[in-house]
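Commentary on secondary and tertiary structure
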Amino acid sequence: MSDRRRRARMALPLITAAGVSYASNAAFGAAVAVGAVDNRRIRWVHHALYIVTSSLTTVALAASAIERRAAGLALLPAVGPLIVLPYAGGQLRRHAAVAGSAAPAYATALVLAWRSR
């Protein structure tokens, strides 16, 4: 398989992984917010999921740019909330609003990526 074809196959799994990571982190945060999960001793899990989500989003953007995929452009608005989130504090409403503002970007990127496969 040529190098170009191998690269062309990277954006879809990376965008999918970034979307799944974001959804996992949001689900974990929501579970903590409603009291279903006590994260006093495992607070690092939410932080680790944030780092994984940010890293996967960055790599997915790079792969999409290399492959010139529209799904990468759709993922670009998620970068803003990911950058601001550590500075938003732990107050539930503000934290949830900033984190949730990235959801449309992930959803759009996933739809575009899977349609163009």
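Everything that follows concerns the structure shown earlier in this document.
Residues numbered from 1 in each chain as written. Predicted model: local features only at pLDDT ≥ 70, side-chain atom pairs only at ≥ 80, totals over all residues. Heavy atoms only, no water.

Details of the overall build of the chain
Broken down by element type, the chain carries seven helices and zero strands. What you see in the chain, going N to C, is helices and strands ordered as α-α-α-α-α-α-α. The dimensions of the chain, computed from C-alpha atoms along their principal axes, are 50 × 25 × 20 Å. Considering the chain as a whole, with its 117 residues, one finds that 31% of them fall into the buried category. Look at the contacts in the chain between residues 6 or more apart in sequence, and 73% of them connect residues 24 or more apart. (Helix = DSSP H or I, 4+ residues; strand = E, 2+ residues; numbered from the N terminus. Buried < 20%, exposed > 50% of the residue type's maximum accessible area, 1.4 Å probe, protein only. Contact = heavy atoms within 4.5 Å.)

With respect to unusual backbone geometry
One non-glycine residue, arginine 68, lies in the positive phi region at around 60 degrees. For arginine 68, the location among the structural elements is in the loop between α3 (43-67) and α4 (70-75). Exposure remark for arginine 68: the relative accessible area of 78% places this residue in the exposed category.

Let's talk about the nonpolar core
Counting 18 residues, the largest nonpolar core has Ile15, Ala60, Leu75, Ala78, Ala102, Tyr106 and Ala109 as its most contacted members. At the level of secondary structure, the elements contributing two or more residues to this core comprise α2 (11-33), α3, α4 and α7 (103-115). The greatest single-element share of this core, amounting to five residues, is contributed by α2. When sequence neighbours within four positions are dropped, the list of residues in contact with alanine 109 reads Ile15, Ala71, Ala74 and Leu75. (Core = buried A, V, L, I, M, F, W, Y, C linked by side-chain atoms within 4.5 Å.)

Structural notes on the packing of α2 against α3
Running from amino to carboxyl end, α2 crosses α3 at an angle of 155 degrees, the nearest separation of the two axes being 8 Å. By the angle between their directions, the pair α2 and α3 is classed as roughly antiparallel. As for how α2 packs across α3, the hand of that crossing is left-handed. The class makeup of the residues in the contact of α2 with α3 is 15 nonpolar, eight polar and one charged. (Axes fitted to C-alpha atoms, helices over the stretch in contact; angles between N-to-C directions. Parallel < 35°, antiparallel > 145°, perpendicular 65-115°, else oblique. Left-handed = near helix turned anticlockwise from the far one by under 90°. Nonpolar A, V, L, I, M, F, W, Y, C, P; charged D, E, K, R; others polar.)

Side note on the environment of serine 24
Within the secondary structure, serine 24 is located in helix α2. Note: C-alpha distance between serine 24 and glycine 89 (65 residues apart in sequence) is 20 Å.

Focus: the pattern of salt bridges
Under the criterion given, the structure shown has two salt bridges. Its salt-bridge partner being arginine 40, residue aspartate 38 comes within 2.8 Å of it at the nearest N-O pair. Arginine 69 serves as the salt-bridge partner of glutamate 67, at 3.1 Å between the closest nitrogen and oxygen. Overall, the relative accessible area of 16% leaves glutamate 67 in the buried class. The exposure class of arginine 69 is partly exposed, given its relative accessible area of 30%. (Salt bridge = Lys/Arg side-chain N within 4 Å of Asp/Glu carboxyl O.)

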